[in-house]
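Chain by chain, the residues run as shown.
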Amino acid sequence: KTLHKVTIVGSGNWGTTVGKLMAESTAEHPDVFEKDVQMWVYEETVEVDGQPQKLTDVINTKHENVKYLPEIKLPDNLIANPSLVDAVKNSTILVFNLPHEFIGNICKQIKGHILPYARGISCIKGVTVTDDKIELLSEYIGENLSIYCGALSGANIASEIANEMWCETTIAYNTPPCDKHTANGNGVSNGANGYVVDEHRDSRGQIIKTPLTPVPSEYPALGHDVLRKLFERPYFTVSMVSDVAGVSLGGALKNIVALACGFVEGHGWNMTAKTAVMRRGMQEIIQFARDFYPETVQEKTLWEESAGWGDMIVSCTSARNWRYSKMAVERGVSIQEIERTELNGQKLQGISTSREVSSFLRARGVEDKYPLFKLVDGILDQNVNLEDIPRLFRKSQ
Ligand code: NAD
Ligand code: 13P
């Protein structure tokens, strides 16, 4: 068998953590994966022992990402690479893990430089909105690179997982029919090369017209088993599902709710107020799924998976979007200013997601159906008084 080559695109707090756990797995499964995992690093200069150094050099010599994941020893087979095109070359598995605002530029740079049969997993929490169109990141990546892309999302705090403290996650991967290596499966017909002609569907249930290039049969079949081997660790339990839209939406939209929880707590209210916000937030996520992804999202995913309620709870009680929105209210400054001054280059995905989702809802004239999402957008604009929150809740009933 030919081995799968794995690349992680992104090396922030979560990117480096996922790079670490995958490099541990590839070393443990030499029959499935090449040992070395390439990690694309957005190159920058960092100061180490009083000397300016390139972050990639530091990662490859000290085996530590001193800027985004300090004090965590990384495996020697996690190779930092400042060249995006070189990092993705010949990889069959591309794991995308960077703040969602950068993905457009990344796709432009790597298009045409990847294997036509590469497969993707997006660990990114966010959505892309252009005019009044909204897209899941997994779908945006898939469309732009002409590959299939699934999603990984869950109640996952990078620093805890990097320290090998146990938690669980959800991976959504709907193995494309052409990769099942079975002729005449699922009512689809034989292609000229003996593979099944692809009839893969997008996140809204429509058949994708452009056929995918099948993963050649000399590779271990790329489906749930191989992905579990790549991502599961003794400290990281994986639940595999096929609902990519549900997993992606849960991960993206909960960041808006986490901001709201931080604002509420910063204002001086406590757990019971936050619980009201979480409850209302999940209601709006489910509403969003029903309104815009009725054919594909399984509400069960949001109720039962780590990528649903699990992520909501951890994000509203201990993640960055909650922590720093609380700090912004306590200090009486904008959350954008806190992101600039306190996060050392890390990003709060809730800010842009709130902006994007609100503009999408406004373009469709349905923003009043989502009072909590609208409220967070208003707070970011500094035109909503936090004292108004209970009243807005009453109006929304
Ligand atoms: P981060 O917040 O640490 O972001 C900083 C990263 O952005 C760095 O790697 C930096 O080099 C990179 N960057 C800066 N400018 C760039 C540019 N112009 N082009 C490309 N990259 C640039 O990132 P993260 O925590 O790894 O988050 C990645 C994704 O993972 C996000 O969508 C986040 O929601 C999600 N996530 C994070 C966590 C967590 O605990 N950190 C957990 C689960 C999911
Ligand atoms: P933050 O980006 O707010 O830290 O969220 C991390 C996360 O997604 C927790 O599951």
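The structure under discussion appears in the preceding block.
For the structure given in this document, a descriptive report is provided here. (Residues numbered from 1 in each chain as written. Chains lettered and ligands numbered in written order. Predicted model: local features only at pLDDT ≥ 70, side-chain atom pairs only at ≥ 80, totals over all residues. Heavy atoms only, no water.)

Quick word on the pairing of strand E7 (residues 119-122)
Side-chain direction in a regular strand flips from residue to residue, so the side chains alternate between the two faces of the sheet.
Here's step 1: Of the two faces of E7, both are covered, the one formed by Arg119 and Ile121 as well as the one formed by Gly120 and Ser122.
Here's step 2: In this fold, strand E6 (residues 93-96) hands off to helix H4 (residues 103-110), which returns the chain to E7; that crossover is right-handed. (Buried < 20%, exposed > 50% of the residue type's maximum accessible area, 1.4 Å probe, protein only. Helix = DSSP H or I, 4+ residues; strand = E, 2+ residues; numbered from the N terminus. Right-handed = clockwise from strand over helix to strand, strands pointing away.)

Some points on the packing of aromatic side chains
Here's step 1: Taken as a whole and assessed by the stated rule, the structure comprises 9 aromatic pairs.
Here's step 2: The interplanar angle of 75° and the centroid separation of 6.3 Å between the aromatic rings of tryptophan 40 and tyrosine 42 together place this pair among those described as edge-to-face.
Here's step 3: Relative accessible area serves as the criterion here: at 60%, tyrosine 42 is assigned to the exposed category.
Here's step 4: Feature note: the residues Phe288, Phe292, Phe360, Tyr370 and Phe373 constitute an aromatic cluster, connected by ring pairs. (Phe/Tyr/Trp six-rings, centres within 6.5 Å; stacked < 30°, edge-to-face > 60°.)

What about the packing of helix H8 (residues 244-266) against helix H15 (residues 371-380)?
If you want to describe how two helices pack, look at the angle between their axes and the distance between the axes.
Here's step 1: The N-to-C vectors of H8 and H15 enclose an angle of 60°; their axes lie 10 Å apart at closest approach. Looking at the two axes, H8 sits oblique to H15. For H8 against H15, the interelement crossing comes out left-handed. Each of Leu253, Ile256, Val257, Leu259, Ala260 and Phe263 in H8 lies in contact with H15, whose residues at this interface are Leu372, Phe373, Val376, Ile379 and Leu380.
Here's step 2: Per-class residue counts for the contact of H8 with H15 are 11 nonpolar, no polar and no charged. (Axes fitted to C-alpha atoms, helices over the stretch in contact; angles between N-to-C directions. Parallel < 35°, antiparallel > 145°, perpendicular 65-115°, else oblique. Left-handed = near helix turned anticlockwise from the far one by under 90°. Contact = heavy atoms within 4.5 Å. Nonpolar A, V, L, I, M, F, W, Y, C, P; charged D, E, K, R; others polar.)

Let's talk about the site of ligand 1
Here's step 1: Not every one of the 24 residues close to ligand 1 is listed here, only the nearest: Asn13, Trp14, Ala158, Lys347 and Gln349.
Here's step 2: At 2.9 Å from an oxygen atom of ligand 1 is found a main-chain nitrogen or oxygen belonging to alanine 158.
Here's step 3: Contacts to ligand 1 include glutamine 349, whose side-chain N or O atom sits 2.9 Å from an oxygen atom.
Here's step 4: Here ligand 1, which alone exposes 850 Å², has 90% of that area covered by the protein.
Here's step 5: With 3 residues, helix H1 (residues 13-28) is the largest single contributor of residues to the shell around ligand 1.
Here's step 6: Of the residues belonging to the shell around ligand 1, the class tally is 11 nonpolar, 9 polar and 4 charged. (Near = heavy atom within 4 Å. Polar contact = N/O pair within 3.5 Å; in protein donor to acceptor, adjacent residues only side chain to side chain. Areas by Shrake-Rupley, 256 points an atom, 1.4 Å probe, with all protein chains shown as cover.)

Describing the pattern of salt bridges
Here's step 1: Counted by the stated rule, this structure contains 24 salt bridges.
Here's step 2: A salt bridge links glutamate 164 to lysine 20, with the shortest nitrogen-to-oxygen separation between them at 2.6 Å. Of the two residues, glutamate 164 is situated in the loop between helix H6 (158-162) and strand E11 (167-172) and lysine 20 in helix H1; the sequence distance between them amounts to 144 residues.
Here's step 3: Under the relative-accessibility criterion, lysine 20 is labelled buried at 4%.
Here's step 4: Arginine 280 is paired through a salt bridge with glutamate 284; the nearest N and O atoms lie 3.0 Å apart. On the criterion of helical spacing, the pair formed by arginine 280 and glutamate 284 is a turn pair, its members being 4 residues apart in helix H9 (residues 271-292). (Salt bridge = Lys/Arg side-chain N within 4 Å of Asp/Glu carboxyl O.)

Digging into the sheet that holds E11
Strand-to-strand pairing in sheets goes through backbone hydrogen bonds, with the strands running parallel or antiparallel.
Here's step 1: Across the sheet, which stays open at both edges, the 8 strands sit in the order E5-E2-E1-E6-E7-E10-E11-E12 with mixed pairing between neighbours. Every other strand in the sheet has two partners, leaving strand E5 (78-81) and strand E12 (236-241) as the edge strands with one partner each. Each adjacent strand pair in this sheet contributes to an overall mean axis angle of 25°, direction not counted.
Here's step 2: With 4 bridges connecting them, strand E2 (residues 33-40) and E5 associate as parallel partners. Each residue of the ladder has a partner; that of glutamine 38, found in E5, is isoleucine 79.
Here's step 3: In the packing of helix H11 (residues 306-317) onto the sheet, contacts are made with strand E10 (148-153) and E11, and the angle to E11 comes to roughly 140°. (Pairing = 2+ DSSP bridges.)

Topic: the site of ligand 2
Here's step 1: Surveying the vicinity of ligand 2 reveals the residues Lys125, Gly154, Ala155, Asn156, Lys254, Asp311, Val314, Ser315, Ala319, Arg320 and Asn321.
Here's step 2: Here an oxygen atom of ligand 2 and a side-chain polar atom of lysine 254 are 2.9 Å apart.
Here's step 3: About the coverage of ligand 2: the protein hides 90% of its 310 Å² of free accessible area.
Here's step 4: Within the residue set of the shell around ligand 2, elements represented by two or more residues are H11 and helix H12 (320-331).
Here's step 5: Broken down by element, the shell around ligand 2 gets its largest block of residues, 3 residues, from H11.
Here's step 6: Tallied by class, residues from the shell around ligand 2 come to 3 nonpolar, 4 polar and 4 charged.

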